[in-house]
Amino acid sequence: MGLYDDILQHLEDRGLRFVRKFVPYFLASFGCHVFNIVNMQFDEDGTPLAFYWENQRVPDMRLFIMMIAPPGYSKSTFLRHLLKEDFGVLANAGVDTFFKAYVTEASLVGSVDKEGMPIRGFLERHKNAIVGVEEFSSLLTAAKQEHSLGLDTALLDWATHGEITKDLRRGEISFKTNATLWTGTQLGRERIELRGGMARRFFFILWTPSEQDEKNLVEAVLEAPQMGKMDYGELRRLRVRIQNLFERLDRLEGVYYTEDLNDYFRDHLSHNEIPLFRRLALGYNIMKGDFDVDLSVGLDDELKRLMDDAIGWRRRIYREISEETGLGTDMIVQLLRTKSPISYIDLANRLLLYEVSYSETDRYLRSLKEQKRVRVYQDQETGAVMVDLIE
């Protein structure tokens, strides 16, 4: 097996579930991150040494990831097993990796002291890092603070081109960063605020767990004590192979996208979605490792599955974030697709597992009824209130 499959197998050997469904997106982002670092090199005169160009400029090929799932459903677990210094597969492998529960504007972007001297923030100190932030809402909360009204712009600049400039009362902060963000947010509790084009800068992973998914997670918890000791020898070997990506990419002379991949883009994506999915394809093919001095970025069955799933998630997200209920209504629709009709009480109790209250369930159902997407009625035999999906 290649590096891509060996990493996935190693994580499955730890007892993690849904590895092959979700982790490939993080691996593709990692491949893009390393590619971007290698491609963004300059000589002493500032002339780019890049081997990959778009529209006669050196593009930023980082891929920001946002995983949307109910609280307690693997968002932090995946970030820890990938990024934590002591046991993260991608940690200590040539890229600085960090996992943070909460960030502020000053800690992220930086500030100036009383004399107007800059105080470097995380993104300047660790310009080539991958940072996992447990909850995206912490970034948005920081952005809403009166003293942090420029963080929205800084987030957009960070995600778009990495060039961050901020004017402060006592001075200015200006720097370039190649840091990549992986983050998560909760499903349904509040509307996802992706303002000012933020949605176009993120690659989304969306998970509405089914009953079978829940059973799989229960088994994972029960089996955890039997998983044994970490194979640190295998972990070290994987990290060495991952670090070798820098040397291999440094030998690249060209990158080419196959026609079947471009045909897929033409058939499924809008023009402003293609750059995100092109990066996914690039990072995936890098992690697969089948290249020498030329990298042919093609479409195989695995990549097609990943892109099909991601496009479906993206369409659902775009549909639901326009509603005041956010992704709460989508959560109900996905549950009803696996079991419909269902009694109101069974549905409401199921949603309690996702920390959705009865009142929130009622609000989501009212919205779905107004959209004529569900039917709520009383069963004539049992008297139970039933909820049925209208497709």
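Rules used in this analysis
Sequence order as written defines residue numbering, which begins from 1 separately in each chain. Only residues with pLDDT of at least 70 are given local features in this predicted model, and only at 80 or more are side-chain atom pairs given and counted; all residues enter the totals for whole chains, interfaces and linings. Calculated side-chain values reflect all of the structure's heavy atoms, with hydrogen atoms and water omitted. Two strands pair if DSSP finds at least two bridges between them. Starting at the N terminus, helices and strands are each numbered in turn, a helix being any DSSP run of H or I of at least four residues and a strand any DSSP run of E of at least two. Site definitions follow a grid-based scheme: protein atoms alone, a 1 Å grid, a 1.4 Å probe that fits but cannot get out for cavities, and for pockets an open set with protein on both sides within 12 Å along at least five of seven lines, plus lining residues having an atom within 4 Å of a point. Grid points are joined across faces, edges and corners, and a volume is the space filled by probe spheres set on the points. Residue polarity follows a fixed list, in which Ala, Val, Leu, Ile, Met, Phe, Trp, Tyr, Cys and Pro are nonpolar, Asp, Glu, Lys and Arg are charged, and the others, Gly among them, are polar. Angular values range over 0 to 180 degrees, each being the angle between N-to-C directions of two axes fitted as lines to C-alpha atoms, with helices fitted over their stretch in contact. Working definition: roughly parallel below 35 degrees, roughly antiparallel above 145 degrees, roughly perpendicular at 65 to 115 degrees, and oblique for all remaining angles. Left-handed describes a crossing in which the near helix is turned anticlockwise from the far one by less than a right angle; the clockwise case is right-handed. In what follows, residue pairs with any heavy atoms lying within 4.5 Å of each other are defined as contacts. Throughout this description, the term nonpolar core refers to a set of buried Ala, Val, Leu, Ile, Met, Phe, Trp, Tyr and Cys residues connected via side-chain atoms within 4.5 Å. Using a 1.4 Å probe on the protein chains alone, a residue whose accessible area is under 20% of its type maximum counts as buried, one over 50% counts as exposed, and one in between counts as partly exposed. The salt bridge criterion pairs a side-chain nitrogen of Lys or Arg with a carboxyl oxygen of Asp or Glu, the two atoms within 4 Å. Surface patches are drawn from residues lacking salt bridges whose relative accessible area is over 30%; two like charges belong together within 9 Å, two nonpolar side chains (Val, Leu, Ile, Met, Phe, Trp, Tyr) within 5 Å. For the accessible areas, the method is Shrake-Rupley and the probe is 1.4 Å, while residue cover comes only from the protein chains on display. Whether two aromatic rings pair depends on their centres lying within 6.5 Å, for rings of Phe, Tyr and Trp, where Trp uses its six-membered ring; planes under 30 degrees apart make the pair stacked, over 60 edge-to-face, and the rest tilted.

> Explanation requested: the sheet that holds strand E14 (residues 385-389) in the structure shown.
In sheet architecture, strand pairing relies on hydrogen bonds along the backbone and comes in two forms, parallel and antiparallel. The strand order across the open sheet built from three strands is E12-E14-E13, with neighbouring strands paired in antiparallel fashion. Because the sheet does not close on itself, it has two edges, and the strands there are strand E12 (342-343) and strand E13 (374-378). Pairing analysis gives two bridges linking E12 to E14, with the strands arranged antiparallel. Bridge pairing links isoleucine 342 to valine 387 in E14.

> When you look at the layout of surface pockets in this model, what are you seeing that I'm missing?
The method is simple in principle: a probe with the dimensions of a water molecule rolls over the atoms, and the space it marks as empty is what remains. Estimated volume of the largest pocket: approximately 450 Å³. Looking at the largest pocket, it is lined by 20 residues, and the ones nearest its centre are Arg57, Asp60, Thr160, Pro275 and Arg279. Of all elements in the fold, only helix H7 (151-160), helix H8 (198-201) and helix H12 (274-288) reach the threshold of two or more residues within the lining of the largest pocket. At four residues, H12 tops the list of elements feeding residues into the lining of the largest pocket. Residues belonging to the lining of the largest pocket are distributed by class as follows: seven nonpolar, four polar and nine charged.

> Would you explain the packing of helix H2 (residues 19-39) against helix H10 (residues 232-250) in this entry?
When two helices pack together, you describe them by how their axes are tilted relative to each other and by the distance separating the axes. Remark: H2 packs on H10, axes separated minimally by 10 Å, with the N-to-C direction vectors making an angle of 45°. By the angle between their axes, H2 is oblique relative to H10. Both H2 and H10 take part in a crossing whose hand is right-handed. Note on element contacts: H10 touches H2 through Ile242, Leu245, Phe246, Leu249 and Asp250, opposite Phe30, Val34, Phe35, Ile37 and Val38.

> Any chance you could explain unusual backbone geometry here in plain terms?
It is generally the case that most residues other than glycine have a negative phi and that most peptide bonds are trans. Residue proline 341 is bonded to the preceding serine 340 through a cis peptide linkage, with omega at 5°. Backbone geometry at phenylalanine 18 places phi at a positive 65°, although glycine is not the residue there. Mapped onto the elements of the fold, phenylalanine 18 is located in the loop between helix H1 (3-13) and H2. The phi torsion at glutamine 56 lies on the positive side, around 60°, for a residue other than glycine. With respect to the secondary-structure elements, glutamine 56 resides in the loop between H2 and strand E1 (64-69).

> Would you explain the nonpolar core in this entry?
Inside soluble globular proteins, nonpolar side chains tend to come together where they are buried. In this structure, Phe30, Phe35, Trp158, Trp182, Val255 and Phe277 are the most contacted members of the largest nonpolar core, which totals 116 residues. In terms of residues, this core owes the most to one element, H2, which gives 12 residues. If near-sequence neighbours (up to four positions away) are discounted, phenylalanine 30 is found in contact with Leu90, Val95, Ile130, Trp182, Ile242, Leu245 and Met287.

> I tried to follow the pattern of salt bridges on my own but got confused; where do I start?
Any two side chains of opposite charge can pair, given that their charged atoms come close. If you walk through the whole model with that rule in mind, you get 18 salt bridges. Residue lysine 288 pairs with aspartate 5 through a salt bridge whose shortest N-O separation is 3.5 Å. You can see lysine 288 sitting in helix H12 and its partner aspartate 5 sitting in helix H1, a full 283 residues away along the chain. On the basis of relative accessibility, which here comes to 28%, the residue lysine 288 falls in the partly exposed class. The structure contains a network of salt bridges with shared partners spanning Asp5, Glu12, Arg20 and Lys288.

> Is there a simple way to explain a nonpolar patch on the surface in this structure?
A surface patch of nonpolar side chains, amounting to about 270 Å² of accessible area, comprises Ile345, Leu352 and Tyr358. Within the secondary structure, leucine 352 is located in helix H15 (residues 344-352).

> Any chance you could explain the packing of aromatic side chains here in plain terms?
For any pair of aromatic rings, the description rests on two quantities: the centre-to-centre distance and the angle between the ring planes. One pass over the full model with this rule turns up 17 aromatic pairs. Ring geometry for phenylalanine 26 versus tryptophan 182: centroids 5.1 Å apart, planes at 65°, classification edge-to-face. With a gap of 156 residues between them, phenylalanine 26 in helix H2 and tryptophan 182 in strand E8 (residues 180-186) connect regions that are remote in the sequence. Just as phenylalanine 26 is buried, tryptophan 182 falls in that class too.

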